[in-house]
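Coordinates in review
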Amino acid sequence: PLPPSVLVIGHGFMGTNHVKNLETLQKENAVQIIGVVDIDKNRLDSLNYPTFLSTKEALSQLCPDIVVIATNTKEHFDVLKTIFQSGQH
């Protein structure tokens, strides 16, 4: 069976750590990183995953099993609102 797919939203300090940990799990076939979102394109340039500048854009193209929200805490509500409005929950 396929491992659960993961979308990481935010690739700053915490998001970078989450991606590194998920990559370890990915090597064990426990998850599959299908995308990373950040509003700063420079943070996405070195990644080997599909990247997006907005959560809405990512969710229009992907259907993740798991979403990791690694944005600034004050942004969590807006990110969750976008996820719920996408119908993917």
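Here we summarise the structure given alongside this text. This one's a predicted model, so the numbers in the text were calculated from it and none came from an experiment. (Residues numbered from 1 in each chain as written. Predicted model: local features only at pLDDT ≥ 70, side-chain atom pairs only at ≥ 80, totals over all residues. Heavy atoms only, no water.)

1. A word on the nonpolar core
Counting 12 residues, the largest nonpolar core consists of Val6, Val8, Val19, Leu22, Val31, Ile33, Val36, Leu44, Leu47, Tyr49, Val68 and Ala70. For this core, the secondary-structure elements that each account for two or more residues are strand 1 (5–9), helix 1 (13–27) and strand 2 (32–37). Those residues within four positions of leucine 44 in sequence are excluded, and the remaining contacts are His11, Val36, Val37, Asp38, Thr51, Phe52 and Leu53. Core analysis: the next-biggest nonpolar cluster, separate from the first, contains 10 residues, Ile9, Val37, Leu59 and Val79 among them. (Core = buried A, V, L, I, M, F, W, Y, C linked by side-chain atoms within 4.5 Å. Buried < 20%, exposed > 50% of the residue type's maximum accessible area, 1.4 Å probe, protein only. Helix = DSSP H or I, 4+ residues; strand = E, 2+ residues; numbered from the N terminus. Contact = heavy atoms within 4.5 Å.)

2. Considerations on the pattern of salt bridges
On inspection of all chains with the given rule, the structure shows three salt bridges. Here arginine 43 and aspartate 38 are joined by a salt bridge, their closest N and O atoms 3.4 Å apart. For aspartate 38, a relative accessible area of 5% translates into the label buried. As a salt-bridge pair, arginine 43 and aspartate 40 come within 3.9 Å of each other at their nearest N and O atoms. Judged by relative accessible area, which is 40%, arginine 43 ranks as partly exposed. Each member of the salt-bridge network shares a partner with another, and the members are Asp38, Asp40 and Arg43. (Salt bridge = Lys/Arg side-chain N within 4 Å of Asp/Glu carboxyl O.)

Read these as spatial facts, not as claims about activity.
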